[in-house]
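The primary structure of each chain is shown beneath.
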Amino acid sequence: MTLLVDSFQRRVTYLRLSVTDRCDLRCVYCMNEDMQFLPRQAVLSLEELARIARVFVSLGVKKIRLTGGEPLVRQNLSWLVRELAALPGLQELAMTSNGMRLAAVANELRDAGLNRLNISVDSLRPERFRAITRVGELDRVLAGLAAARAAGFSRIKLNSVILRGRNDDEVGDLVAFAAEQGCDISFIEEMPLGVISEHDRAGAFVPSDEILSRLQQRFSLVPSTESTSGPSRYHRLAGGDTRVGFISPHSHNFCASCNRVRVTVEGRLLLCLGNEHSLDLRHLMREERLDDEALRAAIVQAMNLKPERHQFDLQEAPQIVRFMNMTGG
Ligand code: SAM
Ligand code: SF4
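Residues numbered from 1 in each chain as written. Chains lettered and ligands numbered in written order. Predicted model: local features only at pLDDT ≥ 70, side-chain atom pairs only at ≥ 80, totals over all residues. Heavy atoms only, no water.

K.L.:
Lay out the site of ligand 2 in plain terms, naming residues and giving numbers.
P.N.:
If you check the shell around ligand 2, you find Cys23, Leu25, Arg26, Cys27, Cys30, Met31, Gly69 and Asn98 and nothing else. Among the residues making up the shell around ligand 2, the classes are represented as five nonpolar, two polar and one charged. (Near = heavy atom within 4 Å. Nonpolar A, V, L, I, M, F, W, Y, C, P; charged D, E, K, R; others polar.)

K.L.:
Got a sec to walk through the sheet that holds strand β10 (residues 260-263)? Specific residues and values, please.
P.N.:
In spatial order, the strands read β7-β8-β9-β6-β5-β4-β3-β2-β1-β10-β11-β12; together these 12 strands make up an open sheet with mixed pairing. At either end of the open sheet lies a strand with only one pairing partner, and these are β7 (221-223) and β12 (278-280). Each neighbouring strand pair of the sheet contributes to a mean axis angle of 25°, computed without reference to strand direction. The pairing of strand β1 (residues 14-18) with β10 spans four bridges and is classified as parallel. Bridge pairing in β10 places Arg16 opposite Arg262. Where helix α2 (residues 77-85) meets the sheet, it contacts β1, β2 (63-67) and β3 (92-97), and its direction lies at approximately 175° from that of β2. Sheet strands in contact with helix α6 (residues 171-181) are β5 (157-161), β6 (184-188), β8 (233-237) and β9 (243-247), and its direction is about 155° off that of β6. (Pairing = 2+ DSSP bridges. Helix = DSSP H or I, 4+ residues; strand = E, 2+ residues; numbered from the N terminus. Axes fitted to C-alpha atoms, helices over the stretch in contact; angles between N-to-C directions. Contact = heavy atoms within 4.5 Å.)

K.L.:
How would you explain the pairing of β6 if you had to name every residue and give the values?
P.N.:
Regular strands have side chains that alternate between both faces of the sheet. Across the five residues that make up β6, a large majority, five, are buried. Side-chain alternation along β6 places Asp184, Ser186 and Ile188 on one buried face and Ile185 and Phe187 on a second face that is also buried. Here five bridges tie β5 to β6, and the two strands are oriented parallel to one another. In the strand pairing of β6, Asn159 is matched with Ser186. The parallel pair β5 and β6, bridged by α6, forms a crossover whose chirality is right-handed. (Buried < 20%, exposed > 50% of the residue type's maximum accessible area, 1.4 Å probe, protein only. Right-handed = clockwise from strand over helix to strand, strands pointing away.)

K.L.:
I'd like a description of the packing of α6 against helix α8 (residues 208-216), backed by residues and values.
P.N.:
At a minimum axis distance of 9 Å, the contact between α6 and α8 shows a crossing angle of 70°. In terms of orientation, α6 lies roughly perpendicular with respect to α8. Considering only the axes of α6 and α8, their crossing is right-handed. Facing α6, whose interface residues are Val171, Gly172 and Val175, α8 presents Ile211, Arg214 and Leu215. Looking at the contact of α6 with α8 residue by residue, the class counts come to four nonpolar, one polar and one charged. (Parallel < 35°, antiparallel > 145°, perpendicular 65-115°, else oblique. Left-handed = near helix turned anticlockwise from the far one by under 90°.)

K.L.:
Give a detailed account of the environment of Ser224, specifying residues and quantitative values.
P.N.:
Secondary-structure assignment places Ser224 in the loop between β7 and β8. Taking the C-alpha atoms as reference points, Ser224 and Tyr234, 10 residues apart in sequence, are found 5.4 Å from one another. If near-sequence neighbours (up to four positions away) are discounted, Ser224 is found in contact with Tyr234 and His235.

K.L.:
Can you lay out helix α10 (residues 292-302) for me, pointing to particular residues and giving the numbers?
P.N.:
Restricting attention to buried positions, one finds in α10 the residues Leu295, Ile299 and Ala302. Along the axis of α10, the buried residues cluster in a sector spanning 60°; they form a single face. What points out from α10, more than 90 degrees from its buried face, is the exposed set Glu293 and Gln301. Looking at the buried side of α10, the elements it contacts are α1 (46-58), β11 (268-270), β12 and α9 (281-286). (Arc of directions from axis to C-beta.)

K.L.:
Quick one: what's the story with the nonpolar core, residue by residue and with numbers?
P.N.:
Within the largest apolar cluster, 94 residues are counted, with the highest numbers of intra-cluster contacts made by Phe56, Ile64, Leu66, Phe187 and Leu269. Here the element with the most residues in this core is α1; it accounts for eight residues. Excluding residues within four positions of it along the chain, Phe187 makes contact with Ser160, Ile162, Val171, Leu174, Val175, Ile211, Leu215, Val244, Gly245, Phe246 and Ile247. (Core = buried A, V, L, I, M, F, W, Y, C linked by side-chain atoms within 4.5 Å.)

The following block contains the structure:
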């Protein structure tokens, strides 16, 4: 039973916890090529991250996803995974990664108790993958995926952000690849978080329904009523168990069923991806020195700040100046 209920009666049971703002890639929709990352003292320690997770789980959070930035650039991540996996009441511990460093640590993460993985891959063509990520190596991501499967991660989900003129003609190949690998896949509409100089978000926008029509020309897709309590709307590939999801912040608003909050690696509790309402947990822990009970009360209170919905408009200058890597995507 969660104690986290907002003023629209939505129950919060899912925490996305960012473990770093840093990344070894520079995806064009996520960040600028030249990035200034946070100074070390601004970043929560692993112990502080573990404490926040513990407090949220004690309030009824059932699922935590580690994200960033790229979680695997954070040193000693396995320690954090082990601490979180041991929290009584936590049912699912997941991570979203770009896969570049996964091959070396997949076994270790699995042993530490990570039970779900999302891997982001926007193209299966090395030169395109490089262009979208600016510096990425597709081979390494594919090796990461293979290692994760070998380590026993099941139903890995691939995430692809689809951009017009860059990878929109590849959606069929991405689904075929997901099916061959025994993975699910979600297609994500780009969100306007931060201004990126050389990337035209409005021009690159591809609505989910267009992707779905394209896929229907090649595959038989059965709409699915199942939900993971997330923003994805799912279809299933006929004759198989591959799920194809669509995360459509523009074309199909999902705020009414939102069950999640985010904590940035600076300790900002963000109540909504598309709004700035937040609570500074780092200040409460470091300066105010709140004990767990007082921290719990502050978090319960902060649920009233959760706004009803996000307002994204690709034609306007972004209202949200933080990039996705700062948000904990
Ligand atoms: N670095 C990891 C990765 O790429 O999987 C985890 C963090 S990343 C911010 C999480 C997800 O957000 C990725 O699937 C990425 O493609 C997606 N993403 C980043 N910027 C986005 C944007 N502006 N709009 C939509 N999705 C975005
Ligand atoms: Fe890094 Fe993930 Fe952002 Fe790409 S989407 S730059 S991999 S944080």
